[in-house]
Amino acid sequence: MENIPDLWAYLTHHFAPLITLYHVKNTDKSKSKGNLAPLIKSSITMGPARIRQVRVVNSSCAVPDVFSDWYKFCYTYFNYKYEDKKSFGPSENKEWSWRKTDQVLYYFGKMAMYSPHGYYTQIPSHYDAAKVLLADLEKRRWIDRATRAVFIDFTVYSPDVDLFSAVKLVMELPPSGGVFPSSRCYSMKLISPEDWMDLFKKPTVLKFLYLIVGVLFAAFILYFTLIVLWDVCYFGCSYLLTFWGFLDVSILFLIFGTLAMFCAKESYSKNVFSKLAEGAEKDKHMSSDIMIAISTVYSALLGILVILCWIKLLKFFAMFTRVSMMFTAVHQTSKELKTLLFMGSILMFGFAVCGHLFFGLQ
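The structure contained in this document is the topic of the report that follows.

So, how was this worked out
- Residues numbered from 1 in each chain as written.
- Predicted model: local features only at pLDDT ≥ 70, side-chain atom pairs only at ≥ 80, totals over all residues.
- Heavy atoms only, no water.
- Helix = DSSP H or I, 4+ residues; strand = E, 2+ residues; numbered from the N terminus.
- Buried < 20%, exposed > 50% of the residue type's maximum accessible area, 1.4 Å probe, protein only.
- Contact = heavy atoms within 4.5 Å.
- Core = buried A, V, L, I, M, F, W, Y, C linked by side-chain atoms within 4.5 Å.
- Pairing = 2+ DSSP bridges.
- Salt bridge = Lys/Arg side-chain N within 4 Å of Asp/Glu carboxyl O.
- Axes fitted to C-alpha atoms, helices over the stretch in contact; angles between N-to-C directions.
- Parallel < 35°, antiparallel > 145°, perpendicular 65-115°, else oblique.
- Nonpolar A, V, L, I, M, F, W, Y, C, P; charged D, E, K, R; others polar.
- Phe/Tyr/Trp six-rings, centres within 6.5 Å; stacked < 30°, edge-to-face > 60°.

Let us look at the overall build of the chain. Looking only at helices and strands, the chain features nine helices and nine strands. When burial is assessed residue by residue, the chain has 35% of its 362 residues classed as buried. Relative to all contacts within the chain whose residues are 6 or more apart in sequence, the contacts with residues 24 or more apart total 65%.

Counting residues in hydrophobic clusters, the biggest one holds 29 residues, and the most contacted among them are Leu7, Leu11, Phe15, Trp142, Ile152 and Phe154. At the level of elements, α1 (4-19), β3 (49-55), β6 (119-123), α2 (127-139), β7 (147-158) and β8 (163-172) are the ones that each hand at least two residues to this core. Per-element accounting of this core gives the leading share, six residues, to α1. Sequence-distant contacts of Ile152, that is, excluding residues within four places in its chain, are made with Leu11, Phe15, Arg50, Ile51, Val167, Lys168, Leu169 and Met171.

By the secondary structure assignment, Cys74 is in the loop between β3 and β4 (107-108). Residues Cys74 and Asn58, 16 residues apart in the sequence, show an inter-C-alpha distance of 5.5 Å. The contacts of Cys74, once residues within four sequence positions are left out, are Val57, Asn58, Ser59, Ser60, Cys61, Ala62, Val63 and Arg145.

In this section: the pairing of β8. Of all the ten residues making up β8, nine are buried; the element is thus mostly covered by neighbouring parts of the structure. Strand direction decides the pairing type here: β7 and β8, joined by ten bridges, are antiparallel. Looking at β8, one finds that Tyr157 is bridged to Phe164. Hairpin connection between β7 and β8: a loop of four residues separates the two successive antiparallel strands, and Asp162 in this loop has a positive phi of roughly 55 degrees. Pairing geometry for β8 and strand β9 (residues 180-188), over nine bridges, is antiparallel.

Looking now at the pattern of salt bridges. Tallying each qualifying case throughout the model produces five salt bridges. The shortest N-O distance in the salt bridge between Asp144 and Arg55 comes to 2.8 Å. Here the residue Asp144 occupies a position in the loop between α2 and β7, and Arg55 occupies one in strand β3, the gap between them amounting to 89 residues. Arg140 serves as the salt-bridge partner of Asp136, at 3.3 Å between the closest nitrogen and oxygen. A residue is classified by how much of its surface remains accessible, and Asp136, at 26% relative accessible area, is partly exposed. Under the relative-accessibility criterion, Arg140 is labelled partly exposed at 36%.

Turning next to the packing of helix α8 (residues 321-332) against helix α9 (residues 334-359). α9 packs onto α8 with a crossing angle of 65 degrees between their chain directions and a minimal axis gap of 4 Å. It follows from the interaxial angle that α8 and α9 lie roughly perpendicular. Two secondary-structure elements touch here, α8 through Val330, His331 and Gln332 and α9 through Ser334, Glu336 and Leu337. Classifying every residue of the contact of α8 with α9 gives two nonpolar, three polar and one charged.

This part covers unusual backbone geometry. Here Arg141, not a glycine, exhibits a phi torsion of approximately 60 degrees, which is positive. Looking at the secondary structure, you find Arg141 in the loop between α2 and β7.

Here the structure, examined in full by the defined rule, presents 17 aromatic pairs. Aromatic side chains Phe15 and Phe154 sit 5.6 Å apart centroid to centroid with 55 degrees between the ring planes, which places their arrangement in the tilted category. Taken together, the residues span a long stretch of sequence, with Phe15 in helix α1 and Phe154 in strand β7 at a distance of 139 residues. In this structure Phe15 comes out as buried when scored by relative accessible area, which is 4%. Phe154 sits in the buried class, given a relative accessible area of 9%. When the centroid spacing of 5.1 Å and the interplanar angle of 40 degrees are considered together, the rings of Phe78 and Tyr114 count as tilted. With Phe78 in the loop between β3 and β4 and Tyr114 in strand β5 (residues 113-114), the pair connects residues that are 36 residues apart, well separated along the chain. Here Phe78 falls in the buried class, since its relative accessible area comes to 7%. Taking the relative accessible area as the measure of exposure, Tyr114 reaches 1% and is therefore buried. In this structure an aromatic cluster arises from ring pairing among Phe78, Tyr80, Tyr106, Tyr107, Tyr114 and Phe151.

Dropping the structure here:
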């Protein structure tokens, strides 16, 4: 993929047949439910795909006077202050107007960071209609010199592994020419309401163990919360200024933050499954940005919580003589260790700058 015609050829002849129902006439509608289209016979698309682009204005850069007779227009790299939000082309169609989307995540590309909004339209679920739409957009030059990135978003479900995958295909078009493709795929397992009911309808030893662990975990959270609150009330603000006190409070906040993200994830999953069961919004693009954001925050909080809990375990190892001596030695040499860390950081920063000057970003 080297230029804009190659991009259109990929969308029309490779992407569209893969993501849509290939022919309306030959499709058995009894086997396809609404917006569910087969993808390589192992996955189904959840709603139609969306194609979106971001553009820059013509006044984003200046042409030197010596070249002004040859170059009347100048489009620089994508930047928020140069983003074009005016309508272009045929005004009767929405894909020619800048609009906000239901997405919330920014995309960090190879050339710039792109907003989740722009000029977009949905790719029909049937190949014949998708081919007509893409041909019309290509004929009317929907993608031109002002385009800086083209995004294709769709969500697929793989029943073999019970995973939802939010896929984003990105084609960046820098002002120097060419097309730089990239992609992002975020897979997640949504919690179906039936999964919770199976715990009681079809009890097994493993599910019973899960239930016991959950009850013990809830009891531990309650106990740990009471202990931390008691320490804060007894010692006051001085407790928060100590290392172990600050660690306990941080763990407590992370526990409740993780539980909140888990509940939000479960609530969103329930909403998704209810829409799928009712067939609501079957012809509307299914955005997974909110679910990705919730899952990302949940994973980050859970990871930090695990690390802090392991650090918390070191406090109990202080009962052993050797470990206690090590803690004492580190405490007494803390100033020297900070100085050594500072000097090492300066040395590593010097190596990083040297490597950047020698080899650049590559």
